[in-house]
Amino acid sequence: MNNTQVYPVKAFQDNYIWTIHNKTHAVVVDPGESEPVIDFLTSNKLTLAAILVTHHHADHVGGIKNIVSHYDVPVYGPKTETIPPVTQKLGEGDSVQIDSLDLTFKVLDIPGHTAGHIAYFNNQRLFCGDTLFSCGCGRIFEGSPSQMLHSIEKLTNLADSTEVYCTHEYTLSNIRFALTVEPENKNLVDYEKIVKTKLAKEQASLPTSIGLEKSINPFLRYNEPSVIEAARTRSKTPVSNDIEVFATIRAWKDNF
Ligand code: ZN
Ligand code: FE
């Protein structure tokens, strides 16, 4: 296993700027703000090696300009989105090599939240921006439900042990919605207790894992009879396939 650690630098109300570091170097993912990143790097005497970006929203890219004025580093981001500070454009099948951390990330295209959204994956850890959240998924701003479902399936095909680093601390409110969809899901009841305990200690509820999400996340459970039944009850129109179940649950959450 690689000798790096991941630390959640907090930003705004509920963003995490995930910082992957060893004793000397660091990479930051989606720095929406610069000050907390620069503070973390300075106080831990870390040299920034690169910035990774998943999509163009301001709460993910807003800090980059100021960070690169302090650290002259490559900025990796999606090739189909216009993000001015990005210097290295990436898409499905590309990889990112960070020599100072001995890390290689594979790039996955996961459109839906935004049209060019990408994820970074290194066989152990997944940085998936605003596509998959613990017990939830991102809003579909620039894609269709079928596109988002396809992207989520791509992530759930990764190993159950994959650690999932999402960009927002939405877990507890997502659990409340998930319990509305699946009130009988015991895993959800247990998970709510665990998450409340972590948050009370001011710890991040994240990372989660692909395996855990399969047992609790309604947006991954569109094949479960309980979720299909809830979607049918909720929807005024017939719900007859995975995409319709997923779209119904997503629309429900949008108005929750
Ligand atoms: Zn976003
Ligand atoms: Fe966001």
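Remember, it's a predicted structure, so these values are computed and weren't measured experimentally.

For the iron ion (ligand 2), the full set of protein donor atoms is Asp59 (OD), His60 (NE2), Asp130 (OD) and His168 (NE2), at a range of 2.1 to 2.3 Å. Each donor residue of the iron ion (ligand 2) belongs to the same chain, and together they define the spacing D-H-x69-D-x37-H. Taken as a pair, the iron ion (ligand 2) and the zinc ion (ligand 1) lie 3.3 Å from each other and share Asp130 as a ligand. Taken as a pair, Asp59 in helix α2 (residues 58-61) and Asp130 in the loop between β10 (125-127) and β11 (132-133) lie far apart in primary sequence, 71 residues in all. Owing to a relative accessible area of 22%, Asp59 belongs among the partly exposed residues under this scheme. Looking at Asp130, the relative accessible area reads 4%, which means it is buried.

Further remarks concern the sheet that holds strand β13 (residues 163-165). Pairing within the open sheet is mixed, and its six strands lie in the order β7-β8-β9-β10-β13-β14. In this open sheet, the two strands that pair with only one neighbour each are β7 (95-98) and β14 (208-209). Where β7 lies against strand β8 (residues 103-109), four bridges are found, and the strand directions are antiparallel. Paired with Val96 across the bridge in β8 is Phe105.

The next thing to look at is the sheet that holds strand β3 (residues 25-29). Two orientations exist for strands paired in a sheet by backbone hydrogen bonds: parallel and antiparallel. Read across the sheet, six strands follow the order β1-β2-β3-β4-β5-β6 without closing on themselves; strand pairing throughout is mixed. Two strands bound the open sheet, and with one partner strand each, they are β1 (5-11) and β6 (88-90). Taking each pair of neighbouring strands and ignoring which way they run, the sheet shows an average axis angle of 25°. With five bridges joining them, β3 and strand β4 (residues 47-52) adopt parallel strand pairing. The residue of β4 that forms the bridge with Val27 is Ala50. Strands β1, β2 (15-21), β3 and β4 of the sheet are contacted by helix α1 (residues 35-43), whose axis makes an angle of about 140° with β1.

Every protein donor of the zinc ion (ligand 1) is accounted for by His55 (NE2), His57 (ND1), His113 (NE2) and Asp130 (OD), and the metal-donor separations fall at 2.2 to 2.3 Å. Here the zinc ion (ligand 1) is ringed by four donor atoms whose angles at the metal span 88 to 169°, and the overall shape comes out irregular. Summarised as a motif, the one-chain spacing of the donors to the zinc ion (ligand 1) is H-x1-H-x55-H-x16-D. When its relative accessible area of 18% is taken as the criterion, His57 is described as buried.

What counts and what doesn't
Sequence positions are assigned chain by chain, starting from 1 and proceeding in written order. Just so you know, chain letters begin at A and ligand numbers begin at 1, following the order they were written in. Reporting in this predicted model follows two pLDDT cut-offs: at least 70 for local features of residues, and 80 or more for side-chain atom pairs to be given and counted; totals over whole chains, interfaces and linings ignore these cut-offs and use all residues. Where side-chain values are given, they derive from all heavy atoms of the structure, hydrogens and water being excluded. Metal coordination here is assigned from N, O and S atoms located within 2.8 Å of the ion, or within 3.2 Å for Na, K and Ca; omission of water means that sites may look incomplete. For helices the rule is a DSSP run of H or I covering at least 4 residues; for strands it is a run of E covering at least 2, with both sets numbered from the N terminus onward. When a residue's accessible area, from a 1.4 Å probe over protein chains only, is under 20% of the maximum for its type it is buried; when over 50% it is exposed; and in between it is partly exposed. Pairing between strands requires that DSSP locate at least two bridges from one strand to the other. Only C-alpha atoms enter the line fits that serve as axes; for helices the fit covers just the stretch in contact. Angles between N-to-C directions range over 0 to 180 degrees. In what follows, residue pairs with any heavy atoms lying within 4.5 Å of each other are defined as contacts. Irregular is the label for any site that misses the other tests, which are tetrahedral for four donors with all angles between 85 and 135 degrees, and square planar for four donors or octahedral for six when opposite donors exceed 155 degrees and the remaining angles lie between 65 and 115.

By themselves these figures say nothing about function.
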